[in-house]
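Coordinate inspection notes
One letter stands for each residue in the lines below.
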Amino acid sequence: MRVFISGATGVLGRRVVQRLSEGGHEVVGLSRSQANSGWLEQNGAEARTGDLFDQEQMTELTADCDAILHLATAIPTKARTKTADWQMNDHIRRDGTRVLVEAAIRNKCKLYVQQSITLIYGEQNGNWVDEESSIPAKQPSILESAVDMEQIIQDAIQQHDLPAITLRFGSFYSHDSAQTQAMLQLVQKGFFPIAGDGQVYWNLIHVDDAASAVATAVDNYQAGLGETFNICDDEPVYYSELMRFIAETLGARKPVRFPRFLNNLMLGSHVAGAIFASARCRNEKVKETLEWKPRFESYREGYRSVIGKWLES
Ligand SMILES: NC(=O)c1ccc[n+]([C@@H]2O[C@H](COP(=O)([O-])OP(=O)(O)OC[C@H]3O[C@@H](n4cnc5c(N)ncnc54)[C@H](OP(=O)(O)O)[C@@H]3O)[C@@H](O)[C@H]2O)c1
């Protein structure tokens with residue numbers, strides 16, 4: 001297939017470009033700089049320059065493509081964010097999605113893939129959830145656009161038969177992710193605190209596995225059309241256990257504890273409310289339907305690999 005990718009130059013997108021090119025697909029990446037165009041061309045993809053929010057341009061850029069993958073995000077990398085720092089991410093999720101969905105409909109694409117996030121399951125008191133579980137109507141402000149984005153896809157499936165697959169990813173980690181690097185640095189210095197008892201489940205996915213899930217969705221797309229899949233590893237983990245494991249693997253001192261309410265002061269309630277909600281996500285549906293499974297089955301294998309690479313770099 002000829003596959004158009006927004007976000008082709010991101011931590012996730014670059015891996016997807018490489019996998020799809022190696023798998024024999026023709027890859028077209030949206031680029032916003034000469035450096036990114038150069039990287040795409042060196043990695044077997046065609047670079048096309050354009051504005052994600054310009055409907056006519058995106059429809060034209062994707063006119064000869066069989067599939068559109070919307071993987072662009074603009075997650076702020078600084079530790080303490082204001083809600084305004086999330087505006088571009090919201091814009092990409094709502095307006096970028098509307099534009100690319102419309103392009104896929106006008107160009108009669110065979111496949112549209114949407115990057116979404118398991119954090120929208122919200123506070124489930126640590127219970128297991130799957131793709132049939134209801135999504136809370138009230139969300140922290142930084143996740144409202146993810147819920148809207150999924151609704152745009154569902155509406156387009158119902159009204160226009162959009163051949164869409166939605167992938168709800170667990171929290172990404174990789175040695176080259178700015179967020180993972182910042183967290184490892186803090187743990188190494190012994191500065192990473194655990195709020196309260198830290199018994200909040202996190203659902204994780206190594207970015208290599210996130211990319212392999214996207215590539216599998218492209219290869220096996222007919223089995224997944226119209227569906228939403230959780231893409232996370234097999235073992236949701238308490239955030240306190242994850243931090244303890246990382247500190248031990250790094251040879252750092254044990255993370256300190258502090259009262260939970262300070263989370264809101266340190267991160268802002270818009271972020272703390274999103275990342276400290278507890279749910280355990282099942283991944284059986286994607287295993288059965290698309291025949292995908294993570295190579296890093298738990299945080300243990302995944303973080304050992306990431307820490308090894310991070311220490312080497
Ligand atoms: N599930 C999760 O946990 C999750 C989800 C999303 C993101 N993240 C965090 O983000 C990182 C990896 O995810 P990622 O690959 O999505 O992020 P990323 O590495 O920041 O890449 C973002 C991609 O989106 C593109 N982009 C940003 N703004 C754009 C705009 N206005 N128009 C068009 N394209 C735009 C970027 O293009 P340029 O190269 O031109 O900037 C880049 O290709 C990780 O560090 C991860 O922690 C996590």
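Residues numbered from 1 in each chain as written. Predicted model: local features only at pLDDT ≥ 70, side-chain atom pairs only at ≥ 80, totals over all residues.

What follows covers the overall build of the protein chain. Of the regular secondary structure elements, the protein chain holds 13 helices and 15 strands. Taking 2.2 N^0.38 as the reference for a compact globule, 313 residues should give roughly 20 Å; the C-alpha atoms of the protein chain span a radius of gyration of 19 Å, in line with that estimate. Relative to its 313 residues, the protein chain shows a buried fraction of 43%. Here the contacts in the protein chain between residues at least 6 apart in sequence split such that 80% fall between residues at least 24 apart. (Helix = DSSP H or I, 4+ residues; strand = E, 2+ residues; numbered from the N terminus. Rg over C-alpha atoms; globule rule 2.2 N^0.38 Å. Buried ≥ 20, exposed ≤ 12 C-beta atoms within 10 Å, placed from the backbone. Contact = placed C-beta atoms within 7 Å.)

Attention shifts here to the sheet that holds strand β4 (residues 67–70). The strands making up a sheet associate through backbone hydrogen bonding, with each pair oriented either parallel or antiparallel. Pairing is parallel across the open sheet formed by seven strands, whose spatial order is β3-β2-β1-β4-β5-β7-β12. For this open sheet the edge positions go to β3 (45–49) and β12 (228–231), each flanked by a neighbour on one side alone. Each strand of the sheet is rotated relative to its neighbour by a mean of 20 degrees, with strand direction disregarded. Judged from the five bridges that link them, strand β2 (residues 26–31) and β3 form a sheet pairing that is parallel. (Pairing = 2+ DSSP bridges. Axes fitted to C-alpha atoms, helices over the stretch in contact; angles between N-to-C directions.)

For helix α5 (residues 141–160), with 20 residues, the first-to-last C-alpha span of 29 Å sits near the 28 Å given by 1.5 Å per residue. Turning to α5, its buried residues number three or more, namely I142, L143, S145, A146, M149, E150, I152, I153 and A156. Buried residues of α5, viewed axially, fall in a sector of 160 degrees; they line one side. The outward face of α5, more than 90 degrees from its buried face, is lined by the exposed residues D155, Q158 and Q159. In this fold, the buried residues of α5 make contact with α4 (87–106), β5 (111–117), β7 (164–169) and α11 (269–275). (Expected span 1.5 Å × (residues − 1). Arc of directions from axis to C-beta.)

Every one of the 26 residues lining the ligand counts as a neighbour, but G10, V11, L12, A72 and S177 are closest to it. Going through the elements one at a time, α1 (11–22), α4, β8 (171–173) and α6 (178–188) are the ones with two or more residues in the shell around the ligand. With three residues, the top contributor of residues to the shell around the ligand is α1. Broken down by class, the residue content of the shell around the ligand amounts to 14 nonpolar, eleven polar and one charged. (Near = placed C-beta within 6 Å. Nonpolar A, V, L, I, M, F, W, Y, C, P; charged D, E, K, R; others polar.)

Take the environment of S133 next. In this fold, S133 is placed in the loop between β6 (128–129) and α5. Sequence-wise, S133 and D64 are 69 residues apart; in three dimensions their C-alpha atoms are separated by 37 Å.

Once that is clear, we can look at the packing of α4 against α5. At a minimum axis separation of 8 Å, α4 and α5 run at an interaxial angle of 15 degrees. What the angle tells us is that α4 and α5 run roughly parallel. Between α4 and α5 the crossing geometry is right-handed. Across from N89, D90, R93, R94, T97, R98, V101 and I105 in α4, the residues of α5 making contact are S145, A146, D148, M149, I152, I153, A156 and H160. For the contact of α4 with α5, a count of residues per class yields seven nonpolar, four polar and five charged. (Parallel < 35°, antiparallel > 145°, perpendicular 65-115°, else oblique. Left-handed = near helix turned anticlockwise from the far one by under 90°.)

Moving on, we come to helix α13 (residues 299–312). With 14 residues, α13 extends 19 Å between its outermost C-alpha atoms, agreeing within 8% with the 20 Å of an ideal straight helix rising 1.5 Å per residue. Every buried residue of α13 is accounted for by Y299, G302, Y303 and V306. One face of α13 carries all of its buried residues, which in axial projection span an arc of 85 degrees. Summarising the geometry of α13, the exposed residues directed more than 90 degrees from the buried face are G308, L311 and E312. Buried positions along α13 lie against β8, α6, β11 (204–206), β13 (237–238) and α9 (239–250).

Grouped together as the largest cluster of nonpolar side chains are 88 residues, with contacts concentrated most on V3, I5, V16, I68 and V214. The dominant element in this core, judged by the number of residues it contributes, is helix α7 (residues 207–219), at eight residues. If sequence neighbours within four positions are ignored, V214 has contacts with V16, L69, V113 and L167. (Core = buried A, V, L, I, M, F, W, Y, C linked by C-beta atoms within 7 Å.)

Most of β7 sits out of view: six of its six residues are buried. Bridge analysis of β5 against β7 gives six bridges, and the strand direction is parallel. Considered in β7, the bridge of S116 is made with R168. The pairing of β7 with β12 spans four bridges and is parallel. Pairing of R168 across the sheet is with N230, part of β12.

Worth remembering: the numbers are spatial, not functional.
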